[in-house]
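Remarks on the overall topology
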Amino acid sequence: MKNFSTLMLVMFMAMFWILRIVVAFAYELGMDFGGIQPFNQTMEIILLFVVLVCMLFIIKRKLIGALVYLLAYGMYFGTNLITGITALTTGTIEITTSNVSIYMNTFISLIGIAIPVAVLFDLLLDKNRKANPKDKKTDWFYKNEQFDRKMDERADKNNYRTL
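Scope of this entry: the structure provided in the associated data block. On a predicted model such as this, the values are computed, not experimentally measured, just so you know. (Residues numbered from 1 in each chain as written. Predicted model: local features only at pLDDT ≥ 70, side-chain atom pairs only at ≥ 80, totals over all residues. Heavy atoms only, no water.)

1. Some details on the environment of V50
- As for its position among the elements, V50 is in helix α2 (residues 41–59).
- The partly exposed category is assigned to V50, whose relative accessible area is 30%.
- With residues up to four places along the chain from it excluded, the contact list for V50 reads V68 and A72. (Helix = DSSP H or I, 4+ residues; strand = E, 2+ residues; numbered from the N terminus. Buried < 20%, exposed > 50% of the residue type's maximum accessible area, 1.4 Å probe, protein only. Contact = heavy atoms within 4.5 Å.)

So this is what it looks like as structure tokens:
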């Protein structure tokens, strides 16, 4: 991770991932975590492991990690975001303490869609990712100045021919 933006996005991803772990754990124990509930408990647990793998790919600057991350969160949070926004804009829901979970889940869904989109744009707009890829097989030699050969006055300048 060479860019500060990638570092910050991975930190936001990790914080959101930890929040989703706490929500899933609280739901399993039957506790209310500020009105935030998982939409599908089984899918939530599967998604936690998928996102962990995607985080590793994003740290390695692989575009496939960002695409899978956006696809997984888009499918999971996207449907709830659409239904929550539709319910909120039609005005069928009144603001009461029992309906706070609809507002909180819609807000969490919005965050769940915004982070993967930002990660994808960060990787797509990074020109250095493709211009200077890392290659561990050769970088230790070519990117290390202590192995460069220095020419001095004693260097052999003869052009030898074979007869």
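2. Describing the nonpolar core
- M13, V51, I58, Y69, Y73 and V119 are the most contacted members of the largest nonpolar core, which has 24 residues in total.
- Taken together, the elements giving at least two residues each to this core come down to α1 (4–29), α2, α3 (63–90) and α4 (100–125).
- Setting aside residues no more than four positions away along its own chain, V119 makes contact with L9, M13, I58, A66 and Y69. (Core = buried A, V, L, I, M, F, W, Y, C linked by side-chain atoms within 4.5 Å.)

3. A short note on the side chain of S109
- Here S109 lies in helix α4.
- Judged by relative accessible area, which is 0%, S109 ranks as buried.
- With residues near it in sequence (within four places) discarded, S109 still touches F39, F77, N80 and L81.

4. Details of a nonpolar patch on the surface
- Side chains of M43, I46, V50, V53, F57, I64, L67 and V68 sit close together on the surface and give an oily, nonpolar patch of about 630 Å² of accessible area.
- Breaking the nonpolar patch down by element, the ones donating at least two residues are α2 and α3.
- For the nonpolar patch, the element with the most residues is α2, which contributes 5 residues. (Patch = residues over 30% accessible without salt bridge, like charges linked within 9 Å, V, L, I, M, F, W, Y side chains within 5 Å. Areas by Shrake-Rupley, 256 points an atom, 1.4 Å probe, with all protein chains shown as cover. Salt bridge = Lys/Arg side-chain N within 4 Å of Asp/Glu carboxyl O.)

5. Things to note about α3
- With 28 residues, α3 extends 38 Å between its outermost C-alpha atoms, agreeing within 8% with the 40 Å of an ideal straight helix rising 1.5 Å per residue.
- When the local axis directions of α3 are compared, the greatest deviation, roughly 40 degrees, occurs at F77.
- Every buried residue of α3 is accounted for by G65, A66, Y69, A72, Y73, Y76, F77, G78, N80, L81, G84 and A87.
- Here the buried face of α3 lies against α1, α2 and α4. (Expected span 1.5 Å × (residues − 1). Bend = angle between axes of the 7 residues up to and from the residue.)

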